[in-house]
Amino acid sequence: MAGGKQVKNKQIIFKDYVGGFPKESDMVLKTGTMKLEVPQGVKGVVVKNLYLSCDPYMRARMSKLVGSYIESFTPGSPVVGNGVAKVLYSGDPNFKEGDLVWGMTGWEEYSLITATEFLFKIQHTDVPLSYYTGLLGMPGMTAYAGFYVICSPKKGESVFVSAASGAVGQLVGQFAKLLGCYVVGSAGTKEKVDLLKNKFGFDEAFNYKEEKDLDAALKRYFPDGIDIYFENVGGEMLDAVLVNMRLRGRIAVCGLISQYNLEKHEGVHNLFCLITKCVRMEGFLVSDYYHLYPKFLEMVLPDIKEGKISYVEDVAEGLESAPAALVGLFSGRNVGKQLVAVAN
């Protein structure tokens, strides 16, 4: 295959499986070498990574998983996640040198990607490339599938979004507002609450850390109950939401970030409400909905260009900053979509 140049390749190496809260020291920066070529007979691409995405689901991959929808990270190998990259060499007829792509890649400067079926070619470059780690990438598709497909929203309904200032939540709230829903979000700081109301156009927002009684807080904002809950948190929040759901409400279970670092997961006590209120609660994986990606772009790109959708990113500069950026997700350090800029 064309190529063959040997280059230095900085990598973020995953050291070993993690229990409890992940630490920066669970990953280490190393410099290796890589030959910029696709081996003969391999249908893959060599890419230069530009942006890397930090996402909450990556915490699960730091544990030893059995029977999961996704594989654990391999100790001694680079961390793997979604990113934006430029194709340098290709052994796949669907990609050519110079193509910009987003999808699964390594946390390193250069990667050989052999699972090219999970790569998306970037056709629209009149928006920031970094958006393909979030708004126009996996988190955007997650918001779209969870809200429109799972929740089947209707104009005028009441929508609650937890972890609402994150990569997915900020979009769900804006999709709901564009549809004509009443939208409330929860977040963990005053800065994030202000962002929800003043930047993303939520009708109301509250800091869950300042609420001694989550049930009372929800009754304050939803006196007539909740039609749609976009679940990112789990635990006490989910329990409080269940008793405040309206008849035939819908819950899209996207994530449970309050549980990811617990050795023993908390139970949910109010599941009986699913029966008494005929509530539908459904978990989902975004990968099952990637066939809708063209339809998603058709809807969202005009809204971005017309300024109807705002998006906030938290950009960490340099590959060496990636471990701190990822670990920061679990203490709420980030404001908006957390990503790492590796190269221009």
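Residues numbered from 1 in each chain as written. Predicted model: local features only at pLDDT ≥ 70, side-chain atom pairs only at ≥ 80, totals over all residues. Heavy atoms only, no water.

Under an unreviewed UniProt entry, the protein has the name Enoyl reductase (ER) domain-containing protein and belongs to Escallonia herrerae.

Draft legend 1. Region of interest: unusual backbone geometry. Residue S152 is not a glycine yet carries a positive backbone phi of 40°. Positive phi is not limited to glycine here, since A163 has a value of about 45°. As for its placement among the helices and strands, A163 is situated in the loop between β8 (158-161) and α3 (169-179). Relative accessible area serves as the criterion here: at 31%, A163 is assigned to the partly exposed category. (Helix = DSSP H or I, 4+ residues; strand = E, 2+ residues; numbered from the N terminus. Buried < 20%, exposed > 50% of the residue type's maximum accessible area, 1.4 Å probe, protein only.)

Draft legend 2. A look at the domain arrangement of the protein. When the domains of the protein are assigned, the result is domain 1 (2-134 + 311-341) and domain 2 (138-287). With 22 residues of domain 1 at the contact, the number on the domain 2 side is 17 residues. For the pair domain 1 and domain 2, the summed buried area comes to about 1600 Å², and 63% of that belongs to carbon and sulfur atoms. Contact with domain 2 buries surface across domain 1, with Y311, V312 and V335 losing the most and accounting together for 30% of the total. On the surface where domain 1 and domain 2 come into contact, there are zero salt bridges. Joining domain 1 to domain 2, the criterion identifies four residue pairs in polar contact (both at pLDDT 80 or more). (Domains from an automatic or database assignment. Contact = heavy atoms within 4.5 Å. Buried area = accessible area lost by both parts, 1.4 Å probe. Salt bridge = Lys/Arg side-chain N within 4 Å of Asp/Glu carboxyl O. Polar contact = N/O pair within 3.5 Å; in protein donor to acceptor, adjacent residues only side chain to side chain.)

Draft legend 3. Summary view of a nonpolar patch on the surface. Together, V268, L271 and M281 line one region of the surface with nonpolar side chains, adding up to about 200 Å² of accessible area. Position of M281 relative to the elements: it lies in strand β13 (residues 280-283). For M281, a relative accessible area of 31% puts it in the partly exposed group. (Patch = residues over 30% accessible without salt bridge, like charges linked within 9 Å, V, L, I, M, F, W, Y side chains within 5 Å. Areas by Shrake-Rupley, 256 points an atom, 1.4 Å probe, with all protein chains shown as cover.)

Draft legend 4. Representation of the pattern of salt bridges in the model. Scanning the entire structure with this criterion turns up 13 salt bridges. One salt bridge in this structure joins K337 and D55, with 2.8 Å as the shortest N-O distance. Of this pair, K337 sits in strand β15 (residues 337-341) while D55 is found in the loop between β3 (45-53) and α1 (58-61), placing the two residues 282 residues apart along the sequence. Classification of K337 as buried rests on a relative accessible area of 1%. In this structure, K190 engages D194 in a salt bridge whose closest nitrogen and oxygen atoms are separated by 2.9 Å. Taken together, the positions of K190 and D194, both in helix α4 (residues 190-198) and four residues apart, correspond to about one turn of that helix. Here the residues in one salt-bridge network are K96, D99 and K121, joined through shared partners.

Draft legend 5. Quick peek at the packing of aromatic side chains. Inspection of every chain in the model, using the stated rule, returns 20 aromatic pairs. Plain terms: the ring middles of Y144 and Y148 are 5.4 Å apart, the flat faces sit at 50° to each other, and that makes the pair tilted. Pair noted here: Y144 and Y148 are both in helix α2 (residues 138-150), with a separation of four residues, about one helical turn. Judged by its relative accessible area of 7%, Y144 falls in the buried class. Among the residues examined, Y148 registers a relative accessible area of 24% and is labelled partly exposed. Look at F284 and Y289: their rings are 6.4 Å apart centre to centre, the planes differ by 80°, and that puts the pair in the edge-to-face class. A relative accessible area of 11% places F284 in the buried class. (Phe/Tyr/Trp six-rings, centres within 6.5 Å; stacked < 30°, edge-to-face > 60°.)

Draft legend 6. Inspection of α3 at higher detail. In terms of burial, α3 is a largely internal element, eight of the eleven residues being buried. Inspection of α3 places G169, Q170, L171, V172, G173, Q174, F175 and A176 among the buried residues, and these make up the whole buried set. In the core, the buried residues of α3 are packed alongside α2, β8, β9 (182-187), β11 (226-231), α8 (293-305) and β15. Just beyond α3, the residue with positive phi is G180, at close to 95°.

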